[in-house]
Structures are given as C-alpha cells and as structure tokens.
Amino acid sequence: MANENGVPRSASKLRPKAPTGIVGFDQLCGGGLPRGRTTLLLGGPGSGKTVLAMQFLVHGARACKEPGIFVAFEETSKRISANAAEFGWNLAKLQPNKLFIMDAQPTPDSIQSGDFDLVGLLAALGNRTKALGAKRIVLDALDVVLALLPDTAAKRREIYRIHEWLLKSGLTAIITSKDNSDDYDAMGHQSFGFMQFMVDCAVILNHHVVHGVSQRSLRVLKYRGSSFQENESPFVISRLGLEVAAARPLSVVDVKVSNERVSSGIERLDIMLGGGYYRAANVLITGFSGTAKTTLGGAFAEAACRRGERTLFISFGSDGTEVIRNLGSVGIRLHHHVKSGRLRMVSARTISGSAEHFLAELKTLATEHKARCLVIDPISSLIKYGNELTANQVVERLLDWSKAEGTTLVCTSLIEEVPTESASQLEISKNADTWIHLNYLVQAGERNRSLSIIKSRGMAHSNQVRELILSDAGVTLTDAYAAGGEVLMGTLRWEKERADGVDYEVSEVAGRLKGVRLDAEAAELEVRAKSLQVELEAKKVEKALLARTTESRRGELSRGRTRLRELRGG
Amino acid sequence: MRKPRAQSFKFRLYVADRTPNSALAMANLTALCRTHLPGRHEIEIVDVLRKPERAIADGVFMTPALVKITPSPIIRLTGTLTRTQATLQALGLETPSA
C-alpha cells in the first residue's frame, strides 16, 4: 500500500530514515531504513542480501557521511571486497575511515564445548564503532554463528543481546540471515521467526528461476511506525547494484493529463478516434499473426517523425532494417527518419534477460534517445522472457512509466490463433487507454483484414468495423459492407456493392416505368370521365328536347281536336 | 606452583568479564587443570571487554574461548568447557579408552 499522506513531515522528523541509495527501495519504504533501529534481511542463498547490505553501507559512507561496519560471518573480507568491486564499489578506498570490515567467520577447526555468547564480538564492535564514529552496521549471515549455539534458549539470548546492544549503540543496523528452512534446523528457524517480531523492519528477498530465467523480488514484511509498499517488488542486480521496481509511485497520480491528440498515421483511423490518440496515451494493437499490427505501429512512427518527434521503435520480431523494408512496401517510409537520427530502430533480440531487465534497458534507451513516441512490436514477446506474472507487472510499470514521462506508447500484441490453456496472454488490455483489434475475415477464399476499436478512454470513437486495406500507396480503411447482418469484405464487398448498384438501377427504372404507366392510366381514366360527362350532357339535352316535343305534340293534339269539333259543327 | 616443565600446558582464555558463561569456563578450566595437569599449566586470561583490540586482533568473537598454545598443535575451543570428556579429548589429555 502506498504512503497515505506521502511522507509526513512531522513523522520524518521524529524518526528519520537512513536512505539506502537503492533505486526504488527507498521509495517503497518511505525514504529508507529506520534510523537507529535494526532491519532483518531474510533470503535464500544468492538472493542478494549481502549486495543490498553492502550497498547500504557504501551509500552511507559515500553520500551520507555515515561510516559503517561490515561484520562478515560467512565470507572473508577479501571475497566481499572482490564482489563489491563488481558493482564499482571500491571498498579499499573507503577503508579505514569510512568503512570497517570485520572478519568474524567461525574458525573451522574450532571445537565447541558447551555454551558460549557473543559478548566478545559486541565488545570488539563497540570499540570499532567508537573509533570510526560509525552510524551504520551490517551483521552479514548472523545465522552462521547462531547455528553453533547449543539450544534455542541460547540462540534467543544472543539475539536479544545483539539487539539490545544495537539499540543502545544507536546504529542503523541490517542483520542478514538465510531464510531457507531446508538449510536450517527447526530450532534455528524458530529463533529467526522470533527475531522477525523483535526488529523494527523486516525484508524478505526471493530468487526464483522460472523457465531458466532468473527472477528476483523483495517484500517488506514489516516496518514499525511507517507505512510501506506491502506488495512484492521485483528487482534486478545490475552493474550498479540493486534496482528495485517500485510499483506505481505516487507521482503517477499527478501526471499531467494531456488533451493533445497525435495522429495514428492513418487518416481514417484518426477520424474513427475523433482526432487521433491522446498524447502520452498507451495504445494497444492486438491481432493474430499477419494482421498488420507492425504496419499500424510503423504508420504511427512515421507520423511521429513527420511531426519532428523523436521516436524509438523496439522490434522483437525482425531486425530494424527488415522492418523498414517491409513497411516500405505499404508506403511507410522510415529510412530517412532513421538517417536523420529522429527514429531509432532497436532489435529487442539484442536485449537478453528477464522482463525486468528488458524494462530497465528500455528505459535507458528511451532516455538516451529522448523519445517522445515509443513503439514496441510486439510486447507479447516479453512473456517468453519470464513467467506471465512478471511480464504483466513489467508491462504495467512500463505503461505507468511512459505515462509519467509523457511518452506516447504504441504496443502491438500478438494473439495466438489457437488459444492455449497455459493462458500466456498479456493482460495489458485492461490498462491500455486505446485498444485497437485487428482481425481476419475469411470469406469466399479470401482473407481480409478488419480493424475495430474495442475501447478508447475519454474520447468518442467509432463503433464500426472497418476493412483495413494495405497497398503500396499506403494504408487506408474502408467501410466494411454490412448487409443482412453480415459483414462483407474484399472481393465479396466489391461484388456486393456492384450487384447492389445494378439492382438499384433496375428497380429505379422499373419504378419510373410504373409511374409512367400509372400516369397513362390516370390520363385515360380522366379522358373517359370527360367523355362520359359529355355524353351525360347530351343525354340531358336529349331528354329536355324529348319533353318539349311531347308537350308540343300534346298541345297540337288538343288544338287539332278543337278544330275537328269546330269543323264537324260541334 | 613449580616452574612448568617441557610437558607443561599453556592456555589463553578469552572471557567477557564475569558473565555467567565466562565465569563457568574459568571454573571449568581451573578444575580441569587441577585434576589433569597439576603443577604443569599456565593460564592467561584476556578480558575482551577490557581489551577489545585484542579480541579483534586475535579474531575472538565468541566468548568464552580457550586457546591451547603449547604443546602444539594449537587447539581452539569455544564455550564453557562443560563437556569434560570432549574437552579433554580435544586437548589430548585423555584417550577414549581411558
């Protein structure tokens, strides 16, 4: 857990800490080891106890004006000096005024007879502490001496004695001891278990070999009166000593969030993302082998170089020159950017060792190159350098680091086409800001590439699957053809588009024809209606005429009859 | 006490003042000498609390510690010297059969 309030100022005055000078270690225990108190350092053989302890002394002597004493119970001072020289620590130069190494290895031919104690040792140490003005002390491999004591009671008594003496002396102390029950009798183990309760701080170092790769980690078990990182932190033993990977330093929270957009190198993709990636974002491009992951990485690198930003391209797959040649075939030209020094291509195959080592090396490279943009192709290769767990932690820290540095990071990640039960997949996707997935669509004897944005934090983005088209003119995206719930790509898309075009034309013509026909029919009906109207008028006229004729005839008839009567003489 | 002869034993016992272990070692050594080496032993007591330089120089950190200086070979023993049989054997004063 992180320091809740950072390092409280009042507390740091009350109990100042003695910095170890070990990158990351001071960070995870809030500034260093408890000053004037004892720290127990437990670990198996070769876990780095002695290196850590010596680094603490060397740092004290060199940087803190705190002379130190190294009590060597296991290795001779000669061997210790030789080992220290490997890390560039010239112990001879620090002796005799800043460092004193005391050879306290039990004499091999010494015969043990009855109980003994370490009063003599403490007397000698008291003498040296005074002479040197020592502030720090290391009791290296105390277990070696304790193992000679006849019983648990005696062991406890001596541990108490040493602890009391250390507290009284005011020295900041490290006691190292093996923490391997195999090497230990049950009693010895017990007495160290009890020691863990006694001391103010306890740290456990682990060293595992996973698939032939060395993996180191340490964990602060307890730290009285101080908050500390409780989780296991991986570390490497580099040329400069220990380097601890402190997970998520507090400062990461305060990283400036940028609203600046940077181009993905593909215009249509920028549109889909609503303007491109965010500056300092972590972009993940996943896909099977051959889905053009590298091409997308290359497009981003080219765009970055065009903007004049220094870019680092780490390639796990092929050599830098090969990548440049291959990308050239799809219109991504990186050659002159390499020449101008803006772009640096690094083959990750030259970096050997664990994922931790890779991260350390990557940071160095990026810092050296002053890279603003970083492409790692593919990051999934990290898994082969160690087990899944470390690789994931390393990637997590890589993302944190790049974000803190303001570096825009594009990682590709290979997905196995046949998923294996071993689940050797990186869990990077949950941490990435933008996740683009590339896929194949196999249809009608064709493999076509598709691109979709699975997520993109903090920006509106397209939900559409697009077809990714690579040509020597460059990389473009086109709308995938969706018809009847089916996505069509490549030739099928083209055919469907054409077929649909013809269909449309036919139906349009047919529609027009029908319109004309209807018009004609309507016109005909209208004509018929008009003629009927005319007919009706004619009938009406005819009828009126008929009526009139009848009337007149009737009148004529009656007139005729009157006349007849008149003629007949009535 | 007579002057030690050729066969005489010379011991150096490192103690830490009068801490229980040191006191016990001193008593045990005295008893052992009285029994097995009457009149032919010499014991030098070094108190590491008073002479820590001596402890550093001689590389004696576990107390009490006994060094048999003569006769050769030089034998080092650590502890209270309570395991008498083993102690005598180590010092070559008694054979297992005896």
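Residues numbered from 1 in each chain as written. Chains lettered and ligands numbered in written order. Predicted model: local features only at pLDDT ≥ 70, side-chain atom pairs only at ≥ 80, totals over all residues. Heavy atoms only, no water.

Draft legend 1. Examining the overall build of chain B more closely. For chain B, the helix and strand inventory stands at three helices and four strands. In chain B, the order of α-helices and β-strands from amino to carboxyl end is β-α-β-α-β-β-α. Looking at chain B residue by residue over its 98 residues, the buried ones come to 43%. Accessible area for chain B stands at about 5,200 Å²; split by element, carbon and sulfur atoms hold 54% of it. (Helix = DSSP H or I, 4+ residues; strand = E, 2+ residues; numbered from the N terminus. Buried < 20%, exposed > 50% of the residue type's maximum accessible area, 1.4 Å probe, protein only. Areas by Shrake-Rupley, 256 points an atom, 1.4 Å probe, with all protein chains shown as cover.)

Draft legend 2. Quick peek at the packing of aromatic side chains. Residue and element names in this part refer to chain A. On inspection of all chains with the given rule, the structure shows four aromatic pairs over all chains. Judged by centre distance (5.8 Å) and plane angle (55 degrees), the ring pair of Y277 and F300 falls under tilted. Of the two residues, Y277 is situated in strand β14 (residues 277-278) and F300 in helix α11 (residues 293-306); the sequence distance between them amounts to 23 residues. Judged by its relative accessible area of 0%, F300 falls in the buried class. Both rings, one in F316 and one in F358, keep their centres 5.2 Å apart while their planes meet at 40 degrees; by these two values the pair is tilted. In this pair, F316 is assigned in the loop between β16 (311-315) and α12 (320-328) and F358 in helix α14 (residues 355-369), connecting sequence segments 42 residues apart. Note on F358: relative accessible area 1%, which makes it buried. A cation over a ring is seen here: K17 above Y223, with NZ or CZ 4.3 Å from the ring centre. The ring of Y278 carries the charged tip of R261 above its face, separated from the ring centre by 4.3 Å. (Phe/Tyr/Trp six-rings, centres within 6.5 Å; stacked < 30°, edge-to-face > 60°. Lys NZ or Arg CZ within 6 Å of the ring centre and 35° of its normal.)

Draft legend 3. Up close: the interface of chain A and chain B. In this assembly, 26 residues from chain A lie in contact with 24 residues from chain B. Summing both sides of the interface, chain A and chain B together bury roughly 2,000 Å²; the carbon and sulfur share of this comes to 58%. Interface area lost by chain A to chain B is led by I111, S113 and D117 of chain A, which between them contribute 28%. Taken together, chain A and chain B are joined by one salt bridge. Ionic pairing is found between E53 of chain B and R128 of chain A, a salt bridge with its closest N-O pair at 3.8 Å. On inspection of chain A and its partner chain B, the count reaches 13 residue pairs in polar contact (both at pLDDT 80 or more). Counting only elements with at least two residues in the side of chain A that touches chain B, the list comes to β5 (99-103), β6 (111-112) and α6 (119-132) of chain A. Per element, the largest residue contribution to the side of chain A that touches chain B is seven residues, and it comes from α6 of chain A. Grouping the amino acids of the side of chain A that touches chain B by side-chain chemistry returns 13 nonpolar, seven polar and six charged. Two elements, β6 of chain A and strand β4 (residues 75-78) of chain B, share two bridges in a ladder whose sense is parallel. Residue pairing across strands places I111 of chain A opposite L77 of chain B, the latter belonging to β4 of chain B. (Contact = heavy atoms within 4.5 Å. Buried area = accessible area lost by both parts, 1.4 Å probe. Salt bridge = Lys/Arg side-chain N within 4 Å of Asp/Glu carboxyl O. Polar contact = N/O pair within 3.5 Å; in protein donor to acceptor, adjacent residues only side chain to side chain. Nonpolar A, V, L, I, M, F, W, Y, C, P; charged D, E, K, R; others polar. Pairing = 2+ DSSP bridges.)

Draft legend 4. Examining the state of the cysteines more closely. Residue and element names in this part refer to chain A. All told, the structure shown has zero disulfides over all chains when counted by the stated rule. C29 carries a free sulfur, and the closest cysteine sulfur to it, the one in C201, is 6.2 Å from it. Unpaired in terms of disulfides, C305 finds its nearest cysteine sulfur in C373, a separation of 8.1 Å. In this structure C305 comes out as buried when scored by relative accessible area, which is 0%. (Disulfide = S-S within 2.5 Å.)

Draft legend 5. Just unusual backbone geometry, in detail. In this chain, T63 of chain B is followed by P64 of chain B through a cis amide linkage whose omega measures -5 degrees. Its location among the elements puts P64 of chain B in the loop between α2 (52-58) and β3 (65-70). Residues S72 of chain B and P73 of chain B are joined by a peptide bond in cis, for which omega reads 0 degrees. Inspection of the secondary structure assignment puts P73 of chain B in the loop between β3 and β4. The residue A141 of chain A is not glycine, and still its phi comes out positive at about 65 degrees. Mapping A141 of chain A onto the fold places it in the loop between β7 (136-140) and α7 (142-146). Residue A141 of chain A is classed as buried on the basis of its relative accessible area, which comes to 4%. Phi at A292 of chain A is positive, roughly 75 degrees, even though this residue is not glycine.

Draft legend 6. Structural detail: the environment of Y481 of chain A. Residue and element names in this part refer to chain A. Here Y481 shows up in strand β24 (residues 481-483). Sequence-wise, Y481 and K496 are 15 residues apart; in three dimensions their C-alpha atoms are separated by 8.1 Å. Look past the residues within four positions of Y481 in its chain and what remains in contact with it is E486, V487, L488, R493, K496, E497 and D500.

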